[in-house]
Amino acid sequence: MARDSQAALVALNRFGFGARGGASGDLVNASSDPRGFVKAELSRPNGVLLEAPGLQSTPQLGQAVFAYQDQVKQAREAAKAAAPAETPALAPADQNPPLRRNLSLNAAAEISGQMADAKPAENTVRPESMQPNVATQPAAKPAPQPLNVIQKTFRAEALARLQRATLAECGLTERLVAFWSNHFCISASKGELARIWAGAFEREAIRPHVLGRFADMLRAVEQHPAMLFFLDNQQSLGPDSRAGQNRKRGLNENLAREILELHTLGVGGGYTQGDVTSLARIITGWTFAGRQGQLGVPGSFVFNTNAHQPGPQVLLGKTYDQAGLAQGEAALADLARHPSTASFIATKFVRHFVADEPPPALVARLRDVFVRTDGDLKAMATTLLDSDEAWKAPLTKLRSPYDFLVASGRLLARVPEDPGAYLNNLNLLGQPLWSPPGPNGFPDSNAAWGAPEGIKLRLDIAAQIGARLGNNIDPLDLLEFAAADAASAETRRTIERAESRQQALALLLMSPEMQRR
């Protein structure tokens, strides 16, 4: 039974989000056939798709943003017209300075979003607590500010993703979604469009292809308005295009560079700066329709012929003569099949699921499958699950903050009804949802997530959970759900010796059985 439990722990932690507390035998089901338990999710491709009431398409959300921006503009103009003409007196020096005016719409929305999403820290020292002899009346709580359409959408998308991850039987496909979403990342902090599109980007460009072909995902990603906006391709004009000749703005290489460096070939994959420039020219005209809808439905992907650099282009030694949109699609198809892409993807895939130092033989096997199957991602995942290396390697990878929070929610059988606590804790732990620090995504290594300050913050969160829920939970029962016989003797002793159930629950959440995958 101990060996079966250990294999089940690998199945649930390495390839999923851990066992669900209260579920009827996650660990038992995984113990009877660990590989079959995990691979079962690969036979349900429609289970990767995410549909929930209220979730809208990218064009619908784009139009909602444009309408919201128009409303804000009209409100500002009305307020300006109604304001007195006199110059206001300067505020006294000991008062808060007035807020800066003339903020960009994006900046204003970011500030309002942060204020709406923020919650006061617990145990914050309040001014009256420092004046015990002064009688004070309890201050009335300010009425909560209504969320705008951007904030509502972001929270709805986050909740749908969190609920799916919490309820999944194993969680392999949700782990694959998170992996590919981080590989082809955008950042919701870019602005209003990026924030409202973040969830739709994942639903539309990532999920349908997680068990499909890499080339199809690559094209869907690079043609999605969220990616085009995030990496500024809507601003890129071919130097010899009609629009390029009429305007001062020219070529923007951001998207082309990241396609080569981060999405396909990888650093050292054999491309040059000249290739970056060539690809940037090839994908000029890839944009999305704006608020006026002159090129198409507002918020939808369109190809703008007037912005496209005319003529053939040479990329990685091959000449692309195709006209218009087909030129870029042909280039992407070749990049998806490039040997460097196969090596880069296989290495990153094994590093994510197995070890920071990926076993070379396993990487080579996945690379060969990627090449032989023309980038079949389901075949690559199946090969990973069929490999002995993936099951025999010790659980040394530290869960990311997102994985840790989801695993904790699953074990505690807490299906989120509001995303606020998760979003706040992800911000605190340094992995804000859909908002990586750069186009290379969040790091995927123990060095990144195992820093002492990060572990301390996890402990603080675990302690808060323990204080809130510990009275009604037996941590030793939860340990059986999480690991059964695979739990170490040290973990059992630590939980048994805890001074209270609250402390025991916090220690369980911080145990290797919960922190490692």
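Everything discussed here concerns the structure shown above.
Residues numbered from 1 in each chain as written. Predicted model: local features only at pLDDT ≥ 70, side-chain atom pairs only at ≥ 80, totals over all residues. Heavy atoms only, no water.

A. Looking closely at the environment of Trp391. As for its placement among the helices and strands, Trp391 is situated in helix α18 (residues 388-392). Assessed through its relative accessible area of 11%, Trp391 is described here as buried. The sequence separation of Trp391 and Ala11 amounts to 380 residues, and the corresponding C-alpha distance is 8.0 Å. Residue contacts for Trp391: discarding those within four places in its chain leaves Ala7, Val10, Ala11, Arg14, Phe15, Pro34, Arg35, Val38 and Leu385. A distance of 2.7 Å separates a polar side-chain atom of Trp391 from the backbone oxygen of Leu385. (Helix = DSSP H or I, 4+ residues; strand = E, 2+ residues; numbered from the N terminus. Buried < 20%, exposed > 50% of the residue type's maximum accessible area, 1.4 Å probe, protein only. Contact = heavy atoms within 4.5 Å. Polar contact = N/O pair within 3.5 Å; in protein donor to acceptor, adjacent residues only side chain to side chain.)

B. Highlighting the pattern of salt bridges. For the structure shown, the criterion picks out 25 salt bridges. Salt-bridge contacts for Asp444 lead to Arg517; the nearest nitrogen and oxygen are separated by 3.3 Å. Here Asp444 is found in the loop between α20 (420-429) and α21 (446-449), whereas its partner Arg517 is found in the segment after α26 (512-515), with 73 residues between them in sequence. (Salt bridge = Lys/Arg side-chain N within 4 Å of Asp/Glu carboxyl O.)

C. Just helix α12 (residues 254-263), in detail. Burial analysis of α12 places 7 of its 10 residues in the buried class, the great majority of the element. All buried positions along α12 are accounted for by Leu255, Ala256, Glu258, Ile259, Leu260, Leu262 and His263. Taken together, the buried residues of α12 touch α7 (172-183), α9 (214-222), α10 (225-230), α13 (273-282), α14 (325-336) and α15 (339-353).

D. Just the nonpolar core, in detail. The biggest cluster of nonpolar side chains holds 129 residues, and the ones touching the most others in it are Phe15, Trp180, Phe184, Leu279 and Phe349. It is helix α8 (residues 192-206) that contributes the most residues to this core, 9 residues altogether. Other than its neighbours up to four places away in sequence, Phe349 contacts Leu176, Phe179, Trp180, Leu366, Met380, Ala381 and Leu384. (Core = buried A, V, L, I, M, F, W, Y, C linked by side-chain atoms within 4.5 Å.)

E. How the structure looks around the packing of helix α23 (residues 475-482) against helix α25 (residues 501-509). Packing of α23 against α25 brings their axes to within 9 Å, and their N-to-C directions diverge by 20°. Judged by the inter-axis angle, α23 sits roughly parallel to α25. Relative to α25, the crossing made by α23 is right-handed. Across the interface between the two elements, Pro475, Leu478 and Leu479 from α23 touch Arg501, Ala504, Leu505 and Leu508 from α25. Each residue belonging to the contact of α23 with α25 can be placed in one class, and the counts come to 6 nonpolar, no polar and 1 charged. (Axes fitted to C-alpha atoms, helices over the stretch in contact; angles between N-to-C directions. Parallel < 35°, antiparallel > 145°, perpendicular 65-115°, else oblique. Left-handed = near helix turned anticlockwise from the far one by under 90°. Nonpolar A, V, L, I, M, F, W, Y, C, P; charged D, E, K, R; others polar.)

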